[in-house]
Amino acid sequence: MMELWKTWFSFLVIVLLTVECQGNHCTASQAKTCSECIRVAEECSYCADEGFTYPRCDTWSNLNFTCKEVIRVKTSMRIHKATAINTSSNRAQISPQLVSMTLRAGEERTLDIEVFQPQEAPVDLYFLMDFSNSMKDDLDNLKKLGLQLADVVKNMSNDYTIGFGKFVDKVTVPQTDMRPLRLKEPWPNSEAPFSFKNVIPLTSNANHFTQELEKEKISGNVDAPEGGFDAILQVAVCQNDIGWREESTHLLVFSTESAFHYEADGSNVLSGILRRNDEKCHLDDTGTYTQDTQQDYPSIPTLIRLLGKQSIIPIFAVTNYSYSYYEKLSKYFPVSDIGRLQKDSSNILDLLRSAFKNIQSKMEIRAENVPKTMKARISSLSAAKSHSESSTFTINQGEVNKFQLSLRALENINKNHLCNIAKEKQKEMITVKPSTFTDALNLDASLFCEQCHCEQNPEVNSPKCRYNGDFACGYCLCRDEWQGSDCSCRKGSEGNIAACIDPKSNSSQVCSKRGECQCGTCHCLPSKNHLEKYDGMYCEYSNLLCPRYAGFTCNDRGRCFEEKCQCDNGWTGLSCECPISNATCINANGLLCNGKGTCLCGRCKCEEQNTDPTCGSTTYLQLLGLCEDTRTCVQCQAWNTGEKKGQNCKTCSNVFEFVDELKSDQLVTESCQFRDEDDDCTYYYTVEKHPSANVSYVQVLKKKDCPPGGFLWLIPLIIFLMLLLGLLLLLCWKYFAWCRACCGKLPCCAMLPCCATGPMVGFKEDHYMLRQSKMTSSSLDTPMVRTGKQHGTDIVRWKVTDNVHKGATAHSQLVSPKDTVLYNLSLRAARMFNSDLKNPDSRESEQLRLLVEENLNDVYKRIPGAQTVRKTRFRTQPNAGKRSDLTIIDAQLPAPRAAQPEIVKLTEHQVTMGTFNDLKVIPGYYTVASDRDAHGQVEFQDGVESVDVRVPLFVKEEDDDEKRLLVEAMDVPLGMAEIGKRSVDITIIKEAGPRISPAAKSVVTFLQPSYQCQRQDQVANIALLREIIDDGRTQVSYKTRDLTAKDGKDYIATENEVTFLPGETRKEIPIKLLEQTEMDSLLANEQIKQFLVELYKPRNGAKLGKFPRTTVTIGDEITKHRLDLNQSLFPIDSPPLNVKAQPIDSKRIQVNWNPALGDVTGYKLKYWPEDDEFSSQTIDTKNNFAELTNLQPNCDYAMEVAAYNSLGSGPCSSIARCCTLAGSSETTPLKQGAMSISSPPSNVKAQPINSRKIRLNWTPPPGRPIGYKVTYWFEGDESSSQVLSTTTPSAELTNLYPYSDYEMNVFAYNALGAGPRSDTARCRTLEDLPNEPGRLAFNVISPTVTQLSWAEPSETNGEIVEYEVTYMVVNDENKPIGPKKTVKINKPKKRMMLIENLKEEQPYLYTVRARNGAGWGPMREATMNLSTQPKRPMSIPIIPDIPIIDAEGHDEYENFLMYSTDVIRSPKPSVSDETDMQQINQNTNIHSQQFTRTMGDLSMHSNTYTMMSGQGLPAPGMKGVNYTVTQQMIGGRRRTNSEDVNAALENLETVLHENRSPGIPSTPTRLVFSALGATSLKVSWQKPPCEREVLGYRVSYQPLAGGEMKTVDISDPNENSLIISDLLPNYSYMFKVKALSEKGWGPEREGVITIESKVDPRSPLSPIPGSPFTLSTPSAPGPLVFTAINSELLKLSWEKPRKPNGDIMGYLVTCEPLDGHGEIKTFQVEGDDEEMTLMVPNLSENIPYKFKVQAKTTQGFGPEREGIITIESQDGGRSPHANFFKYNKQMVTRHEGFTTPGTMATETNLMKSTIGPFSDEMTVTTQKTEDETFITQQITRTMMTYGAVTKQVESKLYEA
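Not measured: the values here are computed from a predicted model.

Caption draft 1: Local environment of the overall build of the chain. Helix and strand content of the chain: 25 helices and 120 strands. The buried share of the chain, taken over its 1856 residues, is 45%. Within the chain, contacts between residues at least 6 apart in sequence are counted, and of these 64% link residues at least 24 apart. Accessible area of the chain: about 96100 Å², with a carbon and sulfur share of 51%.

Caption draft 2: Local environment of the nonpolar core. Core analysis: the largest hydrophobic core is formed by 38 residues, its most contacted members being F127, M129, F131, L149, F164 and I348. Mapped onto this core, the elements with two or more residues apiece are strand 8 (123-130), helix 5 (136-144), helix 6 (146-156), strand 9 (160-167), helix 8 (206-214), strand 11 (249-256), strand 12 (312-319) and helix 14 (348-360). Counting residues per element, this core draws most heavily on helix 14, at seven residues. Sequence-distant contacts of F131, defined by excluding residues within four places in its chain, comprise L139, F164, K166, F167, V168, F194, E216, K217, I218, S219 and G220. Counting residues in hydrophobic clusters, the runner-up holds 32 residues, among them L202, A236, C238 and I312.

Caption draft 3: Focus on the pairing of strand 41 (residues 682-688). Judged by how many residues are buried, strand 41 sits mostly within the fold: six of seven residues are covered. Judged from the six bridges that link them, strand 40 (residues 670-675) and strand 41 form a sheet pairing that is antiparallel. Considered in strand 41, the bridge of S671 is made with T686. As consecutive antiparallel partners, strand 40 and strand 41 are separated by six residues, and within that stretch D680 has a phi angle of approximately 60°, a positive value. In this sheet, strand 42 (residues 697-701) lies alongside strand 41 in antiparallel orientation, the contact comprising four bridges. Bridge assignment links T686 to a residue of strand 42, and that residue is Q699.

Caption draft 4: Looking closely at the pattern of salt bridges. This structure, assessed with the given rule, holds 55 salt bridges. For D124, the salt bridge goes to R245, with nearest N and O atoms at 2.8 Å. In this pair, D124 sits in strand 8 while R245 sits in the loop between helix 10 (239-242) and strand 11, placing the two residues 121 residues apart along the sequence. When its relative accessible area of 0% is taken as the criterion, D124 is described as buried.

Caption draft 5: Representation of helix 12 (residues 300-309). Burial in helix 12 covers these residues: P301, T302, L303, I304, L306 and L307. Phi for S311, located one or two positions after helix 12, is positive at around 55°.

Caption draft 6: Seen up close, the packing of aromatic side chains. The full count for this structure, using the stated rule, is 32 aromatic pairs. Between Y1404 and Y1406, the aromatic rings sit 6.1 Å apart at their centres with planes inclined by 35°, giving tilted as the arrangement. By relative accessible area, which is 6% here, Y1404 ends up buried. Joined through ring pairs, the aromatic side chains of F167, F229, F254, F260, F316, Y326 and F333 make up one cluster. Against the face of Y323 rests R340, its NZ or CZ located 3.8 Å from the ring centre.

Caption draft 7: Structural view of the side chain of H282. With respect to the element layout, H282 can be found in the loop between helix 11 (265-269) and helix 12. Apart from the residues lying within four places of it in its own chain, the contact partners of H282 are Q234, C238, T288, Y289, T290, Q291 and Q295.

Caption draft 8: Structural detail: the state of the cysteines. The full count for this structure, using the stated rule, is 21 disulfides. One disulfide in the model links C524 with C539; its S-S distance is 2.1 Å. On the sign convention where negative means left-handed, the S-S torsion of about -105° between C524 and C539 marks this disulfide as left-handed. Separated by 15 residues along the polypeptide, C524 in strand 28 (residues 521-524) and C539 in the loop between strand 29 (534-535) and strand 30 (541-542) bring together distant segments of the chain. Taking the relative accessible area as the measure of exposure, C524 reaches 29% and is therefore partly exposed. Take C539: its relative accessible area is 0%, and that puts it in the buried class.

Caption draft 9: Up close: the sheet that holds strand 65 (residues 1109-1115). Strand order in this open sheet of five strands is 58-65-63-60-61, and the pairing throughout is mixed. Of all strands in the sheet, those bounded by a partner on one side alone are strand 58 (1010-1014) and strand 61 (1055-1060). Averaged over all pairs of adjacent strands, the angle between strand axes in this sheet comes to 25°, irrespective of strand direction. For strand 60 (residues 1034-1042) and strand 61, the ladder comprises six bridges, and the chain directions are antiparallel. Pairing of T1034 across the sheet is with F1060, part of strand 61.

Caption draft 10: Geometry of the confidence of the model for the chain. Averaged over the chain, the pLDDT score is 77; the fraction of residues at 70 or greater is 78%. Confidence drops under a pLDDT of 50 for residues 1431-1441, and excluding neighbours within four residues, the segment shows 46 contacts in the predicted structure. Confidence drops under pLDDT 50 across residues 1810-1815; counting only partners more than four residues distant or on other chains, this segment forms 13 contacts.

Caption draft 11: Examining the environment of V432 more closely. With respect to the helices and strands, V432 occurs in strand 21 (residues 427-434). You can call V432 buried: its relative accessible area is 0%. Sequence-distant contacts of V432, that is, excluding residues within four places in its chain, are made with I94, I113, I365, R366, A367, I378, L405, A440 and L441.

Caption draft 12: Quick peek at the packing of helix 9 (residues 228-237) against helix 12. Here helix 9 crosses helix 12 at 25°, and the two axes come no closer than 10 Å. By the angle between their directions, the pair helix 9 and helix 12 is classed as roughly parallel. Crossing of helix 9 over helix 12 shows left-handed handedness. Of the residues in helix 12, those in contact with F229, I232, L233, A236 and V237 of helix 9 are I300, T302, L303, L306 and L307. Partitioned by chemical class, the residues of the contact of helix 9 with helix 12 number nine nonpolar, one polar and no charged.

Caption draft 13: Fine view of the sheet that holds strand 18 (residues 400-409). The sheet built from four strands is open, its strands ordered 5-7-18-15 with antiparallel pairing. Edge positions in the open sheet fall to strand 5 (93-95) and strand 15 (374-380), since each of these has one partner strand only. Within the sheet, the average angular offset between the axes of one strand and its neighbour, ignoring direction, is 25°. In this sheet, strand 18 lies alongside strand 7 (residues 108-116) in antiparallel orientation, the contact comprising nine bridges.

Caption draft 14: How the structure looks around helix 6. Residues G146, L149, A150, V152, V153 and M156 constitute the buried set of helix 6. End-on, the buried residues of helix 6 take up no more than an arc of 155°, which puts them together on one face. The inward-facing, buried residues of helix 6 abut strand 8, helix 5, strand 9, helix 8, strand 11 and helix 14.

The rules behind each value
- Residues numbered from 1 in each chain as written.
- Predicted model: local features only at pLDDT ≥ 70, side-chain atom pairs only at ≥ 80, totals over all residues.
- Heavy atoms only, no water.
- Helix = DSSP H or I, 4+ residues; strand = E, 2+ residues; numbered from the N terminus.
- Buried < 20%, exposed > 50% of the residue type's maximum accessible area, 1.4 Å probe, protein only.
- Contact = heavy atoms within 4.5 Å.
- Areas by Shrake-Rupley, 256 points an atom, 1.4 Å probe, with all protein chains shown as cover.
- Core = buried A, V, L, I, M, F, W, Y, C linked by side-chain atoms within 4.5 Å.
- Pairing = 2+ DSSP bridges.
- Salt bridge = Lys/Arg side-chain N within 4 Å of Asp/Glu carboxyl O.
- Phe/Tyr/Trp six-rings, centres within 6.5 Å; stacked < 30°, edge-to-face > 60°.
- Lys NZ or Arg CZ within 6 Å of the ring centre and 35° of its normal.
- Disulfide = S-S within 2.5 Å.
- Axes fitted to C-alpha atoms, helices over the stretch in contact; angles between N-to-C directions.
- pLDDT = per-residue confidence, 0-100.
- Parallel < 35°, antiparallel > 145°, perpendicular 65-115°, else oblique.
- Left-handed = near helix turned anticlockwise from the far one by under 90°.
- Nonpolar A, V, L, I, M, F, W, Y, C, P; charged D, E, K, R; others polar.
- Arc of directions from axis to C-beta.

The structure is reproduced here in structure tokens:
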């Protein structure tokens, strides 16, 4: 009996385990081996029993009952060293110190860390000072303050040391004056120049410090930037020389008044002779830096790294001149400080006190050496506060601060499991170290990739496996073709077919006809339906038969396993429809179902009806989720399906109806769609719900969307329904016609339903007449009434139009759509109005104002160009029905005029939703008013007869004497009412008599009554100020008037207007000045030149101020001195303007103001507590801002400012008031029972809408989120990310770049914080039309031939697939008078073509446009008449492989494009005209000799050519030029001049690249960089010329500061661009590009580039998301255009770079003769015009010149634009000055080749030239030896001149 019970018990356990196994993720992983199983998750175990028949990979709880040998492995975390923190010690400490940790893929572990910073720690302070001559007074003051400086350090810590160092700059040109006397003493009583000296190592002896400091003398240098970076690096790396102590806080005070040199300055200035800094200590016995002239300056990232490594905190004490440089520099360091020095450093002690106070409370903690397989994050667990998103925290000194390190292993890298990557990348020692500590936490982190012990020693060729496999871990690992549990069956054999038949089924089908039986095991086949997969022992299960919920398999919350849902964590139920957590049932008060129901399957089952999802009362603001709530009722009411079908449908209370068409989304509360599980069809319906009613009105679309099926049976039904419908319509028409007739004749018929009329809404009056003098408000409350039935709610949309009497086009002629307009907004808040809101200074009013502005700004920020909301006020609307006691919000939104439709649409949408983020508003009411029209809504509630429409009257100073406004009722978007009286007219009359003008909005004035300017300035900028009284847009006109200065002689007269936009207070009027005439210079005209600038015609509320006109004096330094003697100082008679105060924290206030008018020396700021003026204090400042400190928290202060000079103080400004912040804020306790969000949003899907928008949708996570944050960025450049907030589970990303790849994720948040981020989604925006191509460039070859080229569009917005070029003959009015020729170029990289056989002396109109996937872009046009170009022909380089077009070709010829390569590379031509050849032979003697001989196995062939020019020897002093004219036929036509030019240029290329090995490509040309982001750019180049085919390219790049050299090989020779995405911001990179042919690699083209962007001050390698980025140098100038003026003078012109990347300071032009004899000339061209020109003199005819042009900005020179030009002689090359390469008398060329019996081949080329009448001779011998491995080329040049012989030998070795 006992045995029977044991048997039944075992059977029951097995059954239960089998059922449970079907639902866990261990079995679903289908791990094949033990190692794969234990790597799945912590709870997964493996059964190693022999003959185990159940899944071996399962949870330990399942296997523990049935398996004897269970393998279970856990990851671990061990703390090896954790010395407790001793708070009584003065040493900084961290605990624990050593930890080891193993992680599975996807696993995350946390570690708590304690950090202790003592109140008083040892301090080492090193003072590093600039010793240039300008710092002499600073050094004198420092000597006086020596002991006091030591006292300041002593106050920091009793255990201190102090040291001193000095620096100037590199002792070399151009930094230092290298004249011997200056090297000895650059200034009187000064020390010799030096780079850096360690004067006083760190010492605790203050007296010694002071004594040594007294001995120091100043030194000097030449250029303004100093070499302080050299000194900082030596201070950091020379620890022993400086004396840094290990356990102390290291402070470095850096004092200077100049900017700094940094890396590459030494190389650029000194022509690249300095090598990179080696970051080592180079101090001699005297403490002097010895490698200053041998090494370059260090880079900024190098200093950041070295100072961080040595825990040195920099403090920059700099003067106002260089403050901006070092302010940016200080932000790169994690912990640093900066202070502004007085000119003599008198405030250095106060600066140090303030800096140390700021530094004491800061600490940076970050994890270093984190491998790519893991992610680390540090957060605070104590009172420490993180600074934004960085790893810098504010700590409490003297207390133990607690932090938490989170380390997570990634799931995979590039879809590879982490255990499959290299083992060295699976383990790393991570260091966690605070910024000021020497101690650190060492974390030995490794991935768990262990192998089960049973797999390490398998039983090889085990008999258990029939000797056909190895036995390990309880099962056989079969080899080769064997398979089965005991490896007894060969693959392909069926084996025991009975084992493949499901015994549970009544069928005898093998593997359920879904698989193949192999060795008694079913192997499932793929289904014809790609969505279906079979599984199970007999392939009996289909994943399509798994339970579905809401139309999704397993509710998209799990995976299908054997037709059962295996749910994800947190979900349960047959179809995973029920969340395990009850978080979705908890309301805002933390109550489960509000205490009025039970939580079942994640939903509340409420005891009451008509409640929200958590059994709370339904209001307007609780309408979200209506679709889900009404779904089951709609299913049963409409289709009798779903959960409530049958009797349960009677519990539904909503009003239901079928409709043929649903209302739009704007007219309903929610639009819903779901899939019906019964028939797999999708149905649609809308829900309308109002706050005053508890009933939902549902309209269901009659037609479902169903999968395709049979529909023939519908045809008879449709015919019958159509007949029935026609009959019903006929009866209805007859019935209504009779009703209408009856209603008109018999009053008794009025009771019939067809005679009833609905409610009507309309304006009460027809017209209003207003007099402006009697108006007391800028708006008019216009009543609107409702007649008929007063039931229900009606919302009326209205509109107001200003100045309708002027017509529709009046506004469009006066305004620009780009103008910024103040939009007046009105909304009705969902809160009662009280007396506190009347007072704008009350606390409740201020809190509501902040809430309103924060939420409105968050909503309206999606409007392009919108600014922040301002001037928020609160009021009530008296006649508003039942809403009269609610709060009306009035605010102003500055935004572009063109954005008005979008603002109205967005406002109406948010009002309909009832919320602006967290701001709750009442639907049915809003107003959006610009300066010329207004839009809005009003609401009639149930039972309300009349409401007021507040109409803005748009009163303006420029209004007509009588103007008319039109107010219209547009429509009724919600309700049953119809519009009756639709409009009302309002007329406003201005009286002719006196009236009170509106108050001025602003006062405009010149800054001072007179200005002085210098002629060399070229432009006089006259400052104009505005004092804002009522902010808005104002205008004023100005004009100039002659005094002693004359228009056109001394300056250019101007008359224009100035527009101040909202918030602007200062403008400048530019007036161009002219150079002094020669007459004035000769006569030494000493008359003072002056002219007048005056203001007039102020508009839009502007008023002229104190100085409506100003006198401008033009002169030089003598004039300025004479004026200074004649003019006296004026007293200040105007106060500072626009005084504004802003609280910084509880004890500080920042005050700013506009400068006062006049000669101001400084300002005095007086401030006091608002209720105690007798305790006022005054501070003095030279700036127009100040910071008030040591104030009381939460206290109101008043302040005023007065300017002063030597004549006294001016008037005080108006009083400004400000309240400091509260000292501490009490946090509100969290609501009891609230749940945090623990899972990310799911089903994140992105879809492009157009070229600039992407729609993102997702499924909300559990936890009642109140909002979402969407982060999106360029793919691969997460540093450029931007964040978008939304309250709905969808978002629209706007203002994107066309045809760009974006990545995005989203997380939800609620009151308890943010949840995890979702998986990253990817999407590419659609293509947009490209911009027009760049400027067309014409290289005129002859009056009938031109080369046309153009640049790629500035924004391609996709992939350019072709260009279209058209040209036609036009007349002088640019109108076509001939047919248009069209050519399409389908090679988008070939942006050049050659057009021949044009008509002479006829202008042509050329157009070019580009096409991408979106279509054709706009055209670029140009008109050119070739005959107007210079008569002197010029040699123009023609790029190979460009189209050649015959302008006289027929239509069929237009579609055929001949490329110049066809001409250049064509076979040797045949002579077509004997007369031409005879003519050639008359002028040129050509002797040719060719022989071949054989000597045994050695063969030799030789060719010799001798060319003599002229009929005989030229006379002494005469020179000739070789030229050859050869005619050939191409495609049945004669060669043209342009093709001859191509051939000549090909020969020129051969001569210029003589030294290059044959077949090796030359240098790629035109290296161009384009910034795509802060860390990515596009580099492109042009294909280099090569005798062989180019096979590919290699691009290499490396930081100039050193680092890994990265190389990218491109195998496609047509791909000449590359996108790099892994750059660091603000780093300089060297790029190199070279080409490959079958002969080897060619030379490299180099380029240096830097992408500048704003970075996180505490993380200099991370750019700030959304910040702008620019290339540090300009792009290349536009195409070079050459114009020959005469035989020696050339005009060169070019366009400004398309991307200047800063202010262009000038250009560098280089002219290089290619004959190798002339000198290279350089020209510095100043200017920043759109088109620049340069006249180049002293050129020679028939000499090719290479020109290079580079643009220069403050960051250096940009890339070069090159061009080659030759001015040919007019007589065909026979002029006395012709000297083309000086090969002009005799040239002998010989070619010999030898082939040896082995594999060696030798070729010899000899070229011998005799030059000039003195028989100078040059011989060039080229010998090439080739074998299987190497090619050796030797070039020997021998030159004999006047009897002297010069010989040069050059050898090169190439790999074959």
